[in-house]
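Summary of structural features
Take a look at the letters that make up each chain.
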4 protein chains.
Amino acid sequence: MASIHSIADLGRSAEQQLPVHLWDFIAGGSGDELTLAANRAAFDAVHLVPRVLVDVAEPNCGTTLFGRELTMPVAVAPMAYQRLLHPDGELATARAAAAAGIPFTVTTLSTVAVEQITDTGADTWFQLYWLRDRALMLDLVHRAENAGCSALILTVDVPEMGRRLRDIRNGFALPADIRAVQLPEAATSLAQTRSADASAVATHTSELFDPGLNWANLEWLRANTRLPIVLKGLLDPRDAALAVEHGVDAIVVSNHGGRQLDGAIPSIDALPDIRAAVGDHCTVLLDSGIRGGIDVLRALALGASAVLLGRPVLWGLAVGAETGVSATLSMLRAELHTAMRLTGCPDLVAAAALRHAKPSHAEKGVMSR
Amino acid sequence: MASIHSIADLGRSAEQQLPVHLWDFIAGGSGDELTLAANRAAFDAVHLVPRVLVDVAEPNCGTTLFGRELTMPVAVAPMAYQRLLHPDGELATARAAAAAGIPFTVTTLSTVAVEQITDTGADTWFQLYWLRDRALMLDLVHRAENAGCSALILTVDVPEMGRRLRDIRNGFALPADIRAVQLPEAATSLAQTRSADASAVATHTSELFDPGLNWANLEWLRANTRLPIVLKGLLDPRDAALAVEHGVDAIVVSNHGGRQLDGAIPSIDALPDIRAAVGDHCTVLLDSGIRGGIDVLRALALGASAVLLGRPVLWGLAVGAETGVSATLSMLRAELHTAMRLTGCPDLVAAAALRHAKPSHAEKGVMSR
Amino acid sequence: MASIHSIADLGRSAEQQLPVHLWDFIAGGSGDELTLAANRAAFDAVHLVPRVLVDVAEPNCGTTLFGRELTMPVAVAPMAYQRLLHPDGELATARAAAAAGIPFTVTTLSTVAVEQITDTGADTWFQLYWLRDRALMLDLVHRAENAGCSALILTVDVPEMGRRLRDIRNGFALPADIRAVQLPEAATSLAQTRSADASAVATHTSELFDPGLNWANLEWLRANTRLPIVLKGLLDPRDAALAVEHGVDAIVVSNHGGRQLDGAIPSIDALPDIRAAVGDHCTVLLDSGIRGGIDVLRALALGASAVLLGRPVLWGLAVGAETGVSATLSMLRAELHTAMRLTGCPDLVAAAALRHAKPSHAEKGVMSR
Amino acid sequence: MASIHSIADLGRSAEQQLPVHLWDFIAGGSGDELTLAANRAAFDAVHLVPRVLVDVAEPNCGTTLFGRELTMPVAVAPMAYQRLLHPDGELATARAAAAAGIPFTVTTLSTVAVEQITDTGADTWFQLYWLRDRALMLDLVHRAENAGCSALILTVDVPEMGRRLRDIRNGFALPADIRAVQLPEAATSLAQTRSADASAVATHTSELFDPGLNWANLEWLRANTRLPIVLKGLLDPRDAALAVEHGVDAIVVSNHGGRQLDGAIPSIDALPDIRAAVGDHCTVLLDSGIRGGIDVLRALALGASAVLLGRPVLWGLAVGAETGVSATLSMLRAELHTAMRLTGCPDLVAAAALRHAKPSHAEKGVMSR
C-alpha cells in the first residue's frame, strides 16, 4: 500500500483489484444512482466555518455510546457478506475496529458468526432485519445478547431491496462458499442461485424480510430484549419524533448509502430537521456518504452524535484484510484529528457548535494529478 | 428484450431500432430543447423524504378517476400518429393499457379509430384539439361519447405547434399510409407533404387548429357534451383557478413534454402553486418528464392526483408493440410498488403527505456501466 | 441559406464564413468572458409561465417608442464598424430594419454616414459617445437632428473599453478602408494602427472618449438637443432613479453584451429592480443576451418596454448583407409571434403580466443531432 | 513575456516553466482541493452592479494601512520559501512591491532575511507563526521591529499544516540550498529531509509550530511588541468580534488559499458576516482567490479594506524574478483601474458602496481560443 495516501486511494485500489461484479456489488446504488451521487454532493456543499485561537494541542475525539467509550465518533456500519471481499471477512473488520477502539456492527447476513466477532474483543452491535420468521429473529437477538453485543441496530428501510441495476445486469449471486452463516442453510441458498435478469441477493431478501414491520412490532421487540434498540434508516423528522416517543435508544439517519430509494433526500440534508425534532438528548447517528474526517466533522456540526462508516471499510478489507481496514480507520482518525485542529475544536462539543454555510454556486475540485 | 432491465433501457433500444427521423419526432422538443431538459432536471431535484415503520406488505396503488378504477395513478398520455412506430399503433397501446388496468387516451390525430380503441375494453379518454371546423369537432365529440369514452381531454396549449427543429431539419412528413383516420382525408394530406424547410405535421396543425380558443368556447363545449371535460396544458395557477370557476372536471399540468414553449416552467415546478390555487377537491393530473415510478411518487407528493405517461409508452410500442407497451407499464408499476414500499406509503393518501426537499447543489448520477 | 432554420444557425454560419479576428471582434467579451456567458445563463434561468384559453389568433406585437410605431418591441442595437462584416455595412442593416418596421441605431463609429442611413427610411436613432472633443460631439448631434433621427442614445458605460483579450491576442486593428466616417480622418487613424499587444480599437477609444462624463454633462446635452435622450448602460436602480430625476426619456439596461465589466450583473437579472425603481411610466429598454423571440418575451415579463438586438443582426449581415439581416429579423418576429401565442399573450400588455420562475437546479439543453 | 496579456497567462507560463513538484507546491490545496476550487467559484458568483455617470477620469485607488500609504488596496501575501522559484526569492518580490508602492510581507519561513527586505525600501510586514520556541519567536519580533517593519501578521490558522496530497505524492522536500534563513539551521533541516510518503515541509511545520495558540497568548504578544498586530486566518464572525475585543489592529479573512481545511467556507463568502460583526472601524483584509482587479473590487464591495495577493505574485517571480512580479502587479493595477472606471468608482469609498448580486444559475466562461 506504498502509494496509498488517502482513503480515496484505497477505493481506487479496491476497484482495480476486485472483479467487476464484486466492485459493483459494494459500490453501486439503486436506480439511476442519483441519491448515491447526491449524498456526496450534499456533503461537499457543507462549508464549515473554522474557529481559531483555541488550544488544539491535543484534541479529544472520544465519545461514549450505549455506555461504552469510543476513541472517535465513528462505528463500522452494518454491511453484509464481507467474506466476498476477503476470506477473513467480518473477522478482519472486527479486529481492526477493536484495535481502533470503535464499535463494529455484525449483520443478520454476516458470513462470520456473532460469537466469533465478539471474541475479537470489539465493542459489537448486532444489526437485525425484520424477518418473516419471527422465531428465527428472536433466536438471533438472544445470540447477540449472549455473545455480549452492546446494541441492536434494527434496519427499518428495507421492506424490500432497492433496485440495484448493476447487480441485475451482472446477474449477481453469492458463490457457493459464501452464505449468511447465522441463518439456516435452507434459508440462504436462494442468494446463491444465479439468474440472468435478477440479483439473487434481492430475491433472497424478499423471501426473508417482512415488509409489514411497523411501530407495534417495535414494542414487541422492546419487550424481548434488554439491549439498547437503535432504528436505522430514518429520514423524516416526524418518524424521529415517533422513535423518541416509542423509547428507542438511538436513531441512524440514513438512506442506506443510496442503495434503497433512488430519489431520497441525502441523509446529511435530512439531519438538521431531525436533530431539531428530537432535541439534544437523543443519540442521532448518521451514515450515507462519509468518506473522510472532514465529513465526520460536517455531520457533527449539523447535529449528529457520531457516524457510521461503510464503503471505505470494505475498500480496506478488499485491499488488505485487517491491515487494510486498519489503514482506513487510521487515515480517518488522522483526518479527523487534523480537521478538529483546523477548525479549532478541542472536543466534540466544540464541533457541534461550528457554523456552516451552503455554497451559492456550482463547484468541483480539480486535482491535476 | 432480454437485456432490458429498466424503462431507460427500453428508450435506448427504441432509439437504436427507429430511423432517425422517427426517433427525433418522438424524442424531440421545441427550440433549444431547454424545457425538455428542464423537465428532467426538475424531477431529479425533488428529493423525497421516506417514512418508515408503516406496514407496506401490500401497498395499494389504486385510485379512481371520472368514476372508473385505475390500478395505478397513471394514464397513457395523448400521443398522435402511433402507427408511425408500429403497424398496430394505438390498438397495441390501448390493449396494453387495458391489460394494465389504466386509461388510454385516443387523440384527434389517432391512426386508429376511437371505436376500435374502445373495443379493446380499455378505459378510453378522447383528446380533442380545438379545430377551425367546429362541426367536425362536434362530430368527434359525439363519436367519442357513442364509443364509450369516459372523458374528454381538451388540449389548450397548441394554438400552434412549437418549433421543433429536429423535424424541420429532417423535413419530417407522414408517409402516405399514415393519417389521422378520424379526420376527413382531405384534411390530412398536408401532413404527408414533405418540405425541405418545414415540418409537414406543423403545417398541417396550423391549417387545422383554431388559435382563437378561449374560455367562452369552453362553455359552448360544456353545453355540447355530457362527458367530463379535462383541460390539458395549464401551468399558471390563475388559469387553474379559472378552470375551477368554469366547472371543468380536471386539469392536466403540462408543458407538452417540452414540445411547445421552449422556456416554459417545468410542469413539476408549476404543480405546487396550482394545487394550492385549486384546493384539495379538484382533480389535478400532470405530465412532462415522467420516466419512472419514483417520478409518479414525486408528482403525488407535490400535489398531483395522477400522471400521464408519454414517451416511455412509445418506446415500448416501437420496441415490441403491445408486448413492449406492457413491458413499460409493468416496469412502471413495479417501480411504483417498490417506491411506495421504500417511502412507507401503504396508499396514495400517504404518498400525498410525503415531505420533499430541493438539493442545494448541482448533482449528476454516475452509472459506470 | 438553405440549411438555416434558426438564429443560432445564422451564428454558426457567420462563424464559419468570417476570418477568426473578425468573428472574435463581434463575438468576444471582456476578461474571462464570464459576463458574456452569464448573460445567456441568466436568460435561460427565466422560466415563463404561459397562460391559456386566450384568443391568440392574431397576437399584436406592435408598440410605440418616441412617438414612432414599431412592428415589434425590438430595435437594432448600436454596433460600430459594420462594413467590417460586409461592404454594405450599416446601409444593409438599416434597410433590413426599415423593411421590418423597427428602429435602427446608427453609431458614432458608423462606417456609413447618418444621412445615408436616414435616407433608407428607417426610423433611426443616433448613438453618441461622450467625446473629449465637445464641439465634434455637438456637430454629431446636430447632424443627427438634421438627418431626422428620432432619438439620441447616449452610451454611458464606456469611460474606457473593456479589456477584450481576443482582440488583444489578435492584435486587432481596422483595415485601411474601414473608418468611422462621421469623425475627422485624423481622429480615426489610430484604430487602423496594428499593435502586437493591444487592440487598436481600444487605443483609439481611449484617445477619443471622455471618461469624465457625469450627470452635470447630461444637463448640458439636454440643453443642446431637442431629441429624446436615452441613457444606455445602466444596471443600478439608484442610477435609474437618477435618470428619471434628470428627465431622460428612456434608459437601456445593459452590460454592453459582456464587453465592458467582466463580472457585471447580467442585464436581465438587473431589470426587475430597475423597473421597480422607475415605476411604470419610464421607458426601459434592455440588451445583452437577446438571441430569440422567447428572450424578448422574457425581457417584457421582467419589466422591459422593448429590447435591443445586437450580435444576431451582425450574423445576418456577415452571412447575407441586407437579406441576411432580414432573415434574422423575420426569424425573430416569427419566434416572438409563436412565443406570444404559446404564452397566451394577445398583446404586449399581456406579456408584461406573465409570471416567471427560477429553476432550482442546473440544467442544459441537449440536442442530439 | 511577449504573449502574456493577462495574469492567467503568467500562471500558465509559470506552470510550463516550473518542475512539477514546485508548481504543485505553490498551486496545490489540501485534501480534494474543494476549497481551492470553491474560492474561485465564490468570487465568480459575485456579480457587481456598476454605477455610471460619475467622473472617473482619474480614479484614485490609494489607501492607508497602519499609517503608511498604499497606491492600491493590495499587499503581497505572506508566502514561504520564495527562493524555490527564483534565486532572488523574496528580494525580487519585495523590490517589485516597493516599486509598485504596496506592502510586502516577509515570513517566518523567508529564504531572505527581513533586514535585506526592509533595505529594499518596501513597506514591510512581518508574518509570524506561533512557534514552540517562544524565545525564538520573540527574537523574530524584535528583528522585525528593528528592521523597520510596519506590522506583525500573526497566522492563526496553522496549528498544523493541511494535508496537501500533491506534496505528499511528490515526496516534496526543500533542496539543500533552500532554508528559512531566519531560523536556526538546526531547526530547518527537517524541511530538507525527503520522505516517500510525507511532505518534509509539513513534518517540519509540525515540529516547529505550537498548536496550543490561544487568546491568552495573544495578550502576551501584545505586551511584547509595539507593532500593530494583524490576525490572519479568521472566518467566523464570533472570532472577528473577539479579535476586536482583544484590541487587534486588523484581521485577515482567509482560508489560507485552500491549503488548510479542505471544506472551509470561501473567504469571500465569509466576509460580509465578518464585516457586520466588527463594524466600520476595523481594518479587514482578505485573501484566498484574488486573481485580478475585478476580484479586488468584489472584495471591497463585500466589506474588505484591502486584499492580500498570493499565487499570482509567485507566478510572476517564477517567470521573471522582479520583472515578473512587477508585471503581475502592473497588470493587477491596470485591471483595478479599469474596473473602477467601469463601475463608476472614483475612489475606494465608492467601491465599498457598490451593489452586488448572486447568480441564480450555473455558469462558466467560454473563451474559444
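Before reading further, recall that the structure is shown in the block above.
Computed from a prediction, not measured in an experiment: that's the story for all the values here.

Considering the overall build of chain A
Summing up its helical and strand segments, chain A has 15 helices and twelve strands in all. Relative to its length of 369 residues, chain A is compact, with a C-alpha radius of gyration of 19 Å against a globular reference of 21 Å. For chain A, the spread of C-alpha atoms along the principal axes amounts to about 60 × 50 × 40 Å. Considering chain A as a whole, with its 369 residues, one finds that 65% of them fall into the buried category. Accessible surface, chain A as shown: approximately 11900 Å² in total, 51% of it carbon and sulfur.

Here we look at unusual backbone geometry
Backbone geometry at His256 of chain B places phi at a positive 65 degrees, although glycine is not the residue there. With respect to the helices and strands, His256 of chain B occurs in the loop between β9 (250-253) and α12 (267-278). The phi dihedral of Phe66 of chain C falls on the positive side, at around 55 degrees, and the residue is not glycine. Counting through the fold element by element, Phe66 of chain C comes out in the loop between β2 (63-65) and β3 (68-70).

Digging into the relation of the copies chain B and chain C
When chain B is fitted onto chain C, the two copies agree to an RMSD of 0.0 Å after a turn of 90 degrees and an axial shift of 0.1 Å. Here the transformation between the copies is reduced to the relation of a four-fold axis.

Remarks on the packing of aromatic side chains
Residue and element names in this part refer to chain B. Taken as a whole and judged by the stated rule, the model has 16 aromatic pairs over all chains. On the basis of an interplanar angle of 85 degrees and a centroid distance of 5.8 Å, the ring pair of Trp130 and Trp220 is categorised as edge-to-face. Pair noted here: Trp130 is in the loop between β6 (124-128) and α6 (134-147) and Trp220 is in helix α10 (residues 215-223), with a separation of 90 residues, a long-range link. Overall, the relative accessible area of 2% leaves Trp130 in the buried class.

A short note on the interface of chain B and chain C
Contacts between the two partners involve 49 residues from chain B, matched on the other side by 40 residues from chain C. With both sides pooled, the region where chain B packs onto chain C buries about 3700 Å², and carbon together with sulfur makes up 58% of that total. When residues of chain B are sorted by the area they lose upon contact with chain C, Glu160, Arg169 and Leu261 of chain B head the list and together hold 16% of the total. Here chain B and chain C share five salt bridges between them. Between Asp236 of chain B and Arg51 of chain C there is a salt bridge, and its shortest N-O distance comes to 3.9 Å. Counting across the interface, chain B meets chain C through twelve residue pairs in polar contact (both at pLDDT 80 or more). Looking at the side of chain B that touches chain C, the elements with two or more residues in it are α2 (20-27), α3 (34-44), α7 (165-170), β8 (229-234), α11 (237-245) and α12 of chain B. Here the element with the most residues in the side of chain B that touches chain C is α3 of chain B; it accounts for five residues.

So, helix α9 (residues 200-208) of chain B
All names here are of chain B. Of the residues making up α9, those classed as buried are Ala200, Val201, His204, Thr205 and Leu208. End-on, the buried residues of α9 take up no more than an arc of 135 degrees, which puts them together on one face. Among the structural elements, α2 and α8 (185-188) are those in contact with the buried residues of α9.

Some thoughts on the interface of chain A and chain D
Contacts between the two partners involve 40 residues from chain A, matched on the other side by 49 residues from chain D. The largest share of the area that chain A buries against chain D comes from His5, Leu53 and Leu342 of chain A, three residues that together contribute 22% of it. Between chain A and chain D we count five salt bridges in total. The residue Asp273 of chain D makes a salt bridge to Arg355 of chain A at a minimum N-O spacing of 3.2 Å. For the interface between chain A and chain D, the tally reads twelve residue pairs in polar contact (both at pLDDT 80 or more).

What to know about the nonpolar core
By size, the foremost hydrophobic cluster in this structure holds 480 residues, and its most contacted members are Leu231 of chain A, Leu231 of chain B, Leu231 of chain C together with Leu231 of chain D. Once residues lying within four places of it in the same chain are set aside, the contact partners of Leu231 of chain C are Leu154, Val156, Trp215, Leu218, Ala243, Val248, Ala250, Ile251 and Val252 of chain C together with Leu53 of chain D. The next biggest cluster of nonpolar side chains, apart from the first, holds 14 residues, and it includes Ile153, Ala250, Leu285 and Leu308 of chain C.

Brief notes about the side chain of Thr205 of chain B
Relative to the assigned elements, Thr205 of chain B resides in helix α9. Here Thr205 of chain B is in contact with Val158 and Met161 of chain B, once residues within four sequence places are set aside.

Section: the arrangement of the chains
Left apart from each other, chain A and chain C have a closest C-alpha approach of 8 Å. Nowhere do chain B and chain D come into contact; their C-alpha atoms are at least 8 Å apart.

Some details on the relation of the copies chain A and chain D
For the pair chain A and chain D, the best superposition has an RMSD of 0.0 Å and corresponds to a rotation of 90 degrees with a translation of 0.0 Å parallel to the axis. When you check the interface residues of chain A against chain D, a mere 2% turn up at the interface there too, and the two sides of the contact use different surfaces.

Points about the pattern of salt bridges
The final tally for this structure, using the stated rule, is 76 salt bridges over all chains. Measuring nitrogen to oxygen at the nearest pair gives 2.8 Å for the salt bridge that ties Asp9 of chain D to Arg169 of chain C. Of this pair, Asp9 of chain D sits in helix α1 (residues 7-17) while Arg169 of chain C sits in helix α7 (residues 165-170), which puts the two residues in different chains. We classify Asp9 of chain D as buried; its relative accessible area is 8%. Here the salt bridges share partners, and the residues they tie into one network are Arg40, Asp44, Asp295 and Arg298 of chain A.

Examining the packing of helix α11 (residues 237-245) of chain D against helix α12 (residues 267-278) of chain D
All names here are of chain D. Running from amino to carboxyl end, α11 crosses α12 at an angle of 35 degrees, the nearest separation of the two axes being 8 Å. The handedness of the crossing between α11 and α12 is right-handed. Along its contact with α11, which presents Pro237, Ala240, Ala241 and Val244, the element α12 presents Asp273, Ile274, Ala277 and Val278. Split by residue class, the contact of α11 with α12 holds seven nonpolar, no polar and one charged.

Section: the environment of Ala299 of chain C
Residue and element names in this part refer to chain C. Position of Ala299 relative to the elements: it lies in helix α13 (residues 293-301). Remark: the alpha-carbon pair of Ala299 and Ala352, spanning 53 residues in sequence, is separated by 8.7 Å. Once residues lying within four places of it in the same chain are set aside, the contact partners of Ala299 are Ile268, Leu271, Leu286, Ile290, Ala304 and Val307.

Some points on the pairing of strand β8 (residues 229-234) of chain D
Residues and elements named next belong to chain D. With six of its six residues buried, β8 lies for the most part within the structure. Of the strand pairs in this sheet, β8 and strand β9 (residues 250-253) are connected by four bridges, and their pairing is parallel. Counterpart to Lys232 in the pairing with β9 is Val252. As for the winding sense of the linkage, the β-α-β connection from β8 through α11 to β9 is right-handed.

About the thresholds
Residues numbered from 1 in each chain as written. Chains lettered and ligands numbered in written order. Predicted model: local features only at pLDDT ≥ 70, side-chain atom pairs only at ≥ 80, totals over all residues. Heavy atoms only, no water. Helix = DSSP H or I, 4+ residues; strand = E, 2+ residues; numbered from the N terminus. Rg over C-alpha atoms; globule rule 2.2 N^0.38 Å. Buried < 20%, exposed > 50% of the residue type's maximum accessible area, 1.4 Å probe, protein only. Areas by Shrake-Rupley, 256 points an atom, 1.4 Å probe, with all protein chains shown as cover. Least-squares fit on C-alpha atoms with pLDDT ≥ 70 in both. Phe/Tyr/Trp six-rings, centres within 6.5 Å; stacked < 30°, edge-to-face > 60°. Contact = heavy atoms within 4.5 Å. Buried area = accessible area lost by both parts, 1.4 Å probe. Salt bridge = Lys/Arg side-chain N within 4 Å of Asp/Glu carboxyl O. Polar contact = N/O pair within 3.5 Å; in protein donor to acceptor, adjacent residues only side chain to side chain. Arc of directions from axis to C-beta. Core = buried A, V, L, I, M, F, W, Y, C linked by side-chain atoms within 4.5 Å. Axes fitted to C-alpha atoms, helices over the stretch in contact; angles between N-to-C directions. Left-handed = near helix turned anticlockwise from the far one by under 90°. Nonpolar A, V, L, I, M, F, W, Y, C, P; charged D, E, K, R; others polar. Pairing = 2+ DSSP bridges. Right-handed = clockwise from strand over helix to strand, strands pointing away.

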